[in-house]
Amino acid sequence: MISLTPTPSLVLHTNSTVFFVFPIRTRTTPPSPSSPSRIRCSSGSGVQEVRKSSEEKELSSELYESVPFPAVKAAKRVVLVRHGQSTWNEEGRIQGSSNFSVLTKKGESQAETSRLMLVDDSFEVCFTSPLTRSKRTAEIIWGTRKEEMIMDSDLREIDLYAFQGLLKHEGKAKFGAAFHQWQVDAANFNIDGHYPVRELWARARSCWTRVLLHESRSVLVVAHNAVNQALVATAIGLGTEYFRTLVQSNCGVSVLDFIPRAEGGSPYICLNRLNQTPSSPVAARSSGGRKASNRIILVCHGSTQSNAETGFPSAGDQPMDMLGIIKSQKTAELLLDLKVSSIVSSPKKACVETATVISKVQEAADCLGVDCVPRYVETKQMENLDVEDILQQSSEGKTEIPPLQPGWLNEFGDKLTGAVWEQSERAWQSLLNEVADEAKSEKVVVAVGHPALHIALMGHCLHLTKEWLGSFHLDAGSITVIDFPDGPNGRGVIRCINYTAHLGRWSIPITRSTLDDEEFLM
C-alpha cells in the first residue's frame, strides 16, 4: 500500500533541472522557554541557545527546532537509510532534488546488502522520498513486506536550484563565488533567492512530526544524503552549521531511538548508530568528497569479566572475558584496511588488552609475505583516557551505574557527568596533539577506551556540552571514525558512530530494541 503526503504547490522544469517549490510554514507563537527540544548551537565560548530576531525574514532552521517533538506513547526506533549509488553519483553530477538519475548496478547491490542487514526487523511502516533513486532503494529493502509505504515529498533531497544537473567542475566555473560558499559555508549558502540548507532543516523537522505521530514503533525511512543529515541533526538538536559533519554513505544505515518520558512531553532522543555501511567504514579515505589524511578511530573495549554481574563495561579494572577477546580480534581484522600510525589506550586492563591485540595484528600484517619485516606500531597508555576510576567511585557511592542501553548517560547525576566531561576534555586535546604529528603527512590514531569516554569525545569533536551526553550511544566492541579533511586543526567530521557489523554474530542487532517499554521510561 502506498500513500502520498501533500504535493508541492508548483513544479518548475528547466532544461536539466526539476525544482520542487513548497509553501513556507512559520510559527506564529514564540518558543516555550522550558522546551526540552530547543536548539543549542556551538560558538567560540561553548554551546548557546539560538534565538531568531524579529528583523530576520529569511527561513531559519532554529525557528522550527524550538518546537518540542510530539510525545511518544512507547519506545520508537527509526532507521534511516540513504539510497544506493546512482548514475549521477557515479558521474560526479550535482543531483539535488532532480529526478533524472537511477540506481547503478552497484547501487542495486548496495541496497540488497542493506536489505539483508535489516531482514530480521519487523518494520511497521516505511517512509520514502518519491525520487526514483530513493524509492527503488526502499522497494529493494522492503522486499515482500505487506506493511504500508508512504512517499513523503519532504524527504526529497536538498533543493539546489540552478546547481542541479551540473558536474562539480561546471558549477565551480559557472557560479564561482556562490559555488565556493556552497563548499565552505553551506549553512549561509544562497542561490536563486533561497537558502537551501535552512530550507532543508525546516523540511526535516516537519518530517519528524509526521513520523512520530504515526502509530508505529519500528519505522524505516529511505531518503538521501543531505536530508538524512538534516534528520539526524534536527533530532538531536543540532543547527544548520552541522551540515556535512555527520556523514551519510550510499546505503549507510543510521538508527535513532525515541524514548518516552515518564512525565510525558517531548521524548528523550538518542542517536544509537550513524552510517553503518555495506562496506568497511575505514577503507574510504574521504569524507564529504574531501580527502582525509588525519583520522581518529575510537574503539570501545570488549566485555569484561564483571559484565555478567553489572551489565556495564568495566567500571573498575577488569580483564576482558572470552567474548571481549573475540571482539577485539574482530576489530583488529577490520583495521587491517588501514596502516595505523599509533595506538593509545586507557591504562585499564581491558583497554590495554584490546590495544595489544590491534597492534600485534597490525605489525604482523606486513610480514605475511616472503622477506617482509614486521612494521612497528607505537602503542602507549594515556592517563587522560581513563574514566573507569570515575565510574568506579560512582558505583561505590550513591549513584547506580545504569545498564548500557540507549540514553543510559541520561541517568548520570550532574557531578558524575561533569567529572567524565572534564576528563574527556583533557583526553580530546591529547588525541588532537597525537594526530597532529607533523612528521607524518597521514596519521591514523586508534584510541581504546570506555564507551562513556568515547561518547564525551564525540561531544568535544562536535563542540557540544555535557548536556548532550545522553544523545549518543555506543556498544562494547564498537568503533567510531572521526576524519579531519581540513587537517587536525580543522573541524572533525564523524564518518560513523557505533559501527558493529565487523563483530558478525556477536554484534548487537542494528534495529531491534532489547528493552521493554517499562525499561525505556526515565
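Residues numbered from 1 in each chain as written. Predicted model: local features only at pLDDT ≥ 70, side-chain atom pairs only at ≥ 80, totals over all residues. Heavy atoms only, no water.

### Topic: the nonpolar core
1) Next: Core analysis: the largest hydrophobic core is formed by 85 residues, its most contacted members being Trp-182, Trp-208, Leu-256, Phe-472 and Ile-494.
2) Next: Leu-338, Ile-479, Cys-496 and Tyr-499 belong to the second-largest nonpolar core, a separate cluster that totals 21 residues. (Core = buried A, V, L, I, M, F, W, Y, C linked by side-chain atoms within 4.5 Å. Buried < 20%, exposed > 50% of the residue type's maximum accessible area, 1.4 Å probe, protein only.)

### Examining helix H8 (residues 225–236)
1) Next: Taking 1.5 Å of rise per residue, the twelve residues of H8 would be expected to cover 16 Å, and the 17 Å separating its terminal C-alpha atoms lies within 8% of that figure.
2) Next: Within H8, eleven of the twelve residues are buried, leaving the element largely enclosed by the surrounding structure.
3) Next: Those residues of H8 lying buried are Ala-226, Val-227, Asn-228, Gln-229, Ala-230, Leu-231, Val-232, Ala-233, Thr-234, Ala-235 and Ile-236.
4) Next: Phi for Gly-237, located one or two positions after H8, is positive at around 90 degrees. (Helix = DSSP H or I, 4+ residues; strand = E, 2+ residues; numbered from the N terminus. Expected span 1.5 Å × (residues − 1).)

### Observations concerning unusual backbone geometry
1) Next: Even without glycine at this site, Asp-192 takes up a positive phi of about 50 degrees.
2) Next: Note on placement: Asp-192 falls in the loop between helix H6 (177–184) and helix H7 (196–213).
3) Next: The class for Asp-192 is partly exposed, based on a relative accessible area of 46%.
4) Next: Here the phi dihedral of His-463 falls at roughly 60 degrees; this positive angle occurs in a residue that is not glycine.
5) Next: Examined against the element boundaries, His-463 turns out to sit in the loop between helix H14 (451–461) and strand S18 (479–484).

### Here's the deal with the packing of aromatic side chains
1) Next: For the structure shown, the criterion picks out ten aromatic pairs.
2) Next: Here Trp-182 and Phe-189 contribute two aromatic rings whose centre-to-centre distance is 5.2 Å and whose plane-to-plane angle is 50 degrees, an arrangement assigned as tilted. With respect to burial, Trp-182 and Phe-189 carry one shared label: buried.
3) Next: What links up through ring pairs into an aromatic cluster is the set Phe-163, Phe-175, Phe-179, Trp-182, Phe-189, Trp-201 and Phe-243.
4) Next: In this arrangement the basic side chain of Arg-198 is found over the ring face of Tyr-195, its NZ or CZ atom lying 4.0 Å from the centre. (Phe/Tyr/Trp six-rings, centres within 6.5 Å; stacked < 30°, edge-to-face > 60°. Lys NZ or Arg CZ within 6 Å of the ring centre and 35° of its normal.)

### Let's talk about the UniProt feature "active site" (unreviewed entry) in the protein
1) Next: Under the feature "active site" (unreviewed entry), the UniProt entry names His-83 and Glu-157. For this annotated set, covering 75 residues, all C-alpha atoms fall within 10.6 Å of each other, a compact arrangement in space.
2) Next: Along the chain, His-83 turns up in the loop between strand S6 (76–82) and helix H2 (87–91).
3) Next: Every residue in contact with His-83, bar those within four places of it in the chain, is listed here: Asn-89, Gln-95, Arg-133, Ser-134, Thr-137, Ala-223, His-224, Asn-250 and Cys-251.
4) Next: If sequence neighbours within four positions are ignored, Glu-157 has contacts with Gly-96, Ser-97, Leu-131, Arg-133, Arg-203, His-224, Asn-225, Ala-226 and Val-227. (UniProt positions renumbered as here; feature names shortened; annotations may be inferred. Contact = heavy atoms within 4.5 Å.)

### A word on H14
What sets the pattern is the α-helix's 3.6 residues per turn: residues three or four places apart point alike.
1) Next: For H14, the buried fraction is high: eleven of the eleven residues fall into the buried class.
2) Next: Within the span of H14, buried status applies to Pro-451, Ala-452, Leu-453, His-454, Ile-455, Ala-456, Leu-457, Met-458, Gly-459, His-460 and Cys-461.
3) Next: Where H14 terminates, the next one or two residues include His-463, which has phi positive at roughly 60 degrees.

### Examining the UniProt feature "binding site: substrate" (unreviewed entry) in the protein
1) Next: Taking the numbering used here, the UniProt-annotated feature "binding site: substrate" (unreviewed entry) corresponds to Arg-82, His-83, Gly-84, Gln-85, Ser-86, Thr-87, Trp-88, Asn-89, Arg-133 and Lys-168.
2) Next: Relative to the elements of secondary structure, Gln-85 occurs in the loop between S6 and H2.
3) Next: In this structure the side chain of Gln-85 is engaged in a polar contact, spanning 2.6 Å, whose partner is the side chain of Thr-104.
4) Next: Within the fold, Arg-133 resides in helix H4 (residues 132–142). (Polar contact = N/O pair within 3.5 Å; in protein donor to acceptor, adjacent residues only side chain to side chain.)

### Things to note about the pattern of salt bridges
1) Next: This model, assessed by the stated rule, comprises 19 salt bridges.
2) Next: The residue Asp-152 makes a salt bridge to Arg-210 at a minimum N-O spacing of 2.9 Å. Of this pair, Asp-152 sits in the loop between strand S8 (148–151) and helix H5 (168–175) while Arg-210 sits in helix H7, and the two are 58 residues apart along the sequence.
3) Next: Using a relative accessible area of 2% as the deciding quantity, one classes Asp-152 as buried.
4) Next: On the accessibility criterion, Arg-210 (26% relative accessible area) is partly exposed.
5) Next: The partner of Glu-467 in a salt bridge is Lys-466, and the shortest N-O contact between them spans 3.5 Å.
6) Next: Residue classification places Glu-467 among the partly exposed positions, given a relative accessible area of 47%.
7) Next: Connected via shared salt-bridge partners are Asp-152, Asp-154, Arg-156, Asp-159, Arg-203 and Arg-210. (Salt bridge = Lys/Arg side-chain N within 4 Å of Asp/Glu carboxyl O.)

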